[in-house]
Amino acid sequence: MTGRKIDLEAETDSTHREILAMLPNDLLSLDDIPALRAMIEGQPVDFPEEVSVEDIYISGLNNDPDVRVRLYKPIELAKDSPGLLWMHPGGVTIGSPNMEDLTNAQRALDHSCLVASVDYRLAPENPYPAAPDDCYAALLWTADNASVLGIDPMRIVVGGASAGAGLAASTALRARDESGPEILFQLLTYPMLDHRNETPSSYGVVDEFRVWNRQANLISWDAYVGALDEVPTYASPSLESNLTNLPPAFISVGSLDNFVDECIDYAQRLMQAGVPTDLRVYSGAFHGSVGMVAHSPISVEWAKAENDALHRAFYPNT
C-alpha cells in the first residue's frame, strides 16, 4: 500500500512555510546521528525562579544501567499534587530531556505538578528493549517514591511526543499487563506507534529532511528493532490487539504528519475497546509543527487543547 506524496510547501499556510524555509534541507537526515544529537541538545536555559530542576539517577530494570530522570518541580508545590512522567521525542535515536527544558518547566508551573522527564537509552547503541525498560523503571520509581516527591501516586499521567509518545503508550500497556502502577491518563502527541510503515500516510513526506520524513522514520525503526526476529508490542504499540483496560487518552497529530494514519487507527481501536479517547487531527500541521511554529493559530489551538486535557485529567472537579 502506498499513499499520496505530501507537498509541505503547497499544503501549509504562510506561517508554517516561513519556518520551513529557515530549516536546512538535511536537518534530520540521520547520516551522522552523534552530530545530530549534539546539534539539537541546545544551550543551557534560564529556568523560571518558581521552578526547581534536578537530575536524579534511578536504578534500571533487571540490573540495567542507572537512568537519569530530570525533575521539574514548582517551589511551592502542594502535598499530593499530580505528576507527569514525560518521554522526549527523537525517533528513539536522538534527543534528551534537556531539549525540552523550558517546555517542561512551564508545564510544571501551569499545572502545579511535578514533571519527571526520562533520559532513556537511545538506539542504535541501545536497541529494544532499552528505551521502554528505562521508561517503565521510571514509572515504578515515581510511584514508589510519590510521598517523597510530594505527589499523589493515583494521579500520575504518562505522556510524550513522537517516539516519546510511543514509549508512553508502551508504558501504559506494560503497566496494565504487569499490574503495575495506576496510570491516570495518557497524553500522546503525534505518537510514533507502528514500525511497519505500511499506512498510506507513512509514505507522505519523502523528499526533504527538514521535518521527520519516511526515510528518517525507517532509519530510526531499523536502529531500534531491526535486529529482532519478531517485534513485540511494547516496541510497536500498534501491534497490540487488546487495548482494553488502558488509561484514558488524548491523541493529537497533524494532517500532514507521516504518523496520522497510525494515530487515527490507534485512537479508534482505543475507543472500540471502551477507553475514553480524545483524538485531534490538525489540518495543515506537519510533524512537530506545534512546537516549531508555536505562534501559528493552528499551534495555539493545539497547545491549548493539550493543556486543557492535561488539566482536566489532573483536576477533574475544577
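Everything discussed here concerns the structure shown above.
A. The overall build of the protein, seen in detail. Along the protein, the regular secondary structure elements total eleven helices and eight strands. Expected size for 318 residues packed as a compact globule is a radius of gyration near 20 Å; at 18 Å, the protein falls within 12% of this value. Counting only C-alpha atoms and orienting by the principal axes, one finds that the protein spans roughly 50 × 45 × 40 Å. When contacts within the protein are restricted to residue pairs at least 6 apart in sequence, those whose partners lie at least 24 apart make up 75%. For the protein, the exposed area adds up to about 13400 Å²; of that, 50% sits on carbon and sulfur atoms. Charge separation in the protein, taken as the distance between the mean sites of 20 positive and 46 negative side-chain charges, equals 4 Å.

B. Up close: helix 4 (residues 101-111). All of the buried residues in helix 4 are D101, N104, A105, R107, A108 and H111. For helix 4, the arc enclosing every buried residue in end-on projection is 155°, short of the 170-degree limit, so these residues lie on one face. Against strand 1 (51-58), strand 2 (67-74), strand 3 (81-87), strand 4 (114-119) and helix 11 (297-314) lie the buried residues of helix 4. Phi for S112, located one or two positions after helix 4, is positive at around 45°.

C. Just the pattern of salt bridges, in detail. A full pass over the atoms with the stated rule returns 18 salt bridges. As a salt-bridge pair, R70 and D55 come within 2.7 Å of each other at their nearest N and O atoms. With R70 in strand 2 and D55 in strand 1, this residue pair connects regions lying 15 residues apart in the sequence. According to the relative accessible area criterion, R70 is buried, its value standing at 11%. Given a relative accessible area of 32%, D55 falls into the partly exposed group.

D. Representation of helix 3 (residues 33-41) in the model. Considered for burial, the residues of helix 3 that qualify are I33, L36 and R37. Angular distribution of buried residues about the axis of helix 3 spans 105°; they occupy a single face of the element. Relative to its buried face, helix 3 has exposed residues pointing more than 90 degrees away, namely P34 and A38. Two or three places before A35, at the start of helix 3, stands the capping residue D32, its side-chain oxygen 3.2 Å from that residue's backbone nitrogen. Directly after helix 3, the chain includes G42, whose backbone phi takes a positive value near 80°.

E. Summary view of the environment of N98. Along the chain, N98 turns up in the loop between strand 3 and helix 4. Separated by 204 residues in the primary sequence, N98 and W302 place their C-alpha atoms 23 Å from one another. Once residues within four sequence positions are removed from consideration, N98 is found in contact with E41, R68 and R70.

F. Highlighting the packing of aromatic side chains. All told, the structure shown has six aromatic pairs when counted by the stated rule. Ring centres of Y128 and Y224 lie 6.1 Å apart, and the angle between their planes is 70°; this geometry places the pair in the edge-to-face category. Linking Y128 in the loop between strand 4 and helix 5 (130-144) with Y224 in helix 8 (residues 214-225), this pair joins segments that are 96 residues apart in sequence. Y224 sits in the buried class, given a relative accessible area of 2%. Where Y190 meets W302, the ring centres are 6.1 Å apart and the plane angle is 90°; that geometry is what we call edge-to-face.

G. Expanded view of the sheet that holds strand 1. In spatial order, the strands read 1-2-4-3-5-6-7-8; together these eight strands make up an open sheet with mixed pairing. Pairing within the sheet leaves two strands with one partner each, and these edge strands are strand 1 and strand 8 (277-282). Within this sheet the neighbouring strands show an average axis-to-axis angle of 20°, counted without direction. Relative to strand 4, strand 2 runs antiparallel, the two being bridged by five bridges. The partner of Y72 across the bridge, within strand 4, is V115. Set on the sheet, helix 4 makes contact with strand 1, strand 2, strand 3 and strand 4; between it and strand 2 the angle comes to about 45°. Sitting on the sheet, helix 7 (residues 163-177) is in contact with strand 3, strand 5 (151-161) and strand 6 (185-189), with an inclination near 140° to strand 5.

H. Representation of the packing of helix 5 against helix 7 in the model. Packing of helix 5 against helix 7 leaves a shortest axis separation of 9 Å and a crossing angle of 65°. The crossing of helix 5 and helix 7 is right-handed. Contacts between helix 5 and helix 7 pair A131, P132, D133, C135, Y136 and L139 from the former with L167, S170, T171, R174 and A175 from the latter. For the contact of helix 5 with helix 7, the class distribution of residues is seven nonpolar, two polar and two charged.

Parameters at a glance
Residues numbered from 1 in each chain as written. Predicted model: local features only at pLDDT ≥ 70, side-chain atom pairs only at ≥ 80, totals over all residues. Heavy atoms only, no water. Helix = DSSP H or I, 4+ residues; strand = E, 2+ residues; numbered from the N terminus. Rg over C-alpha atoms; globule rule 2.2 N^0.38 Å. Contact = heavy atoms within 4.5 Å. Areas by Shrake-Rupley, 256 points an atom, 1.4 Å probe, with all protein chains shown as cover. Lys, Arg positive; Asp, Glu negative; His and termini not counted. Charge placed at Lys NZ, Arg CZ, Asp CG, Glu CD. Buried < 20%, exposed > 50% of the residue type's maximum accessible area, 1.4 Å probe, protein only. Arc of directions from axis to C-beta. Salt bridge = Lys/Arg side-chain N within 4 Å of Asp/Glu carboxyl O. Polar contact = N/O pair within 3.5 Å; in protein donor to acceptor, adjacent residues only side chain to side chain. Phe/Tyr/Trp six-rings, centres within 6.5 Å; stacked < 30°, edge-to-face > 60°. Pairing = 2+ DSSP bridges. Axes fitted to C-alpha atoms, helices over the stretch in contact; angles between N-to-C directions. Left-handed = near helix turned anticlockwise from the far one by under 90°. Nonpolar A, V, L, I, M, F, W, Y, C, P; charged D, E, K, R; others polar.

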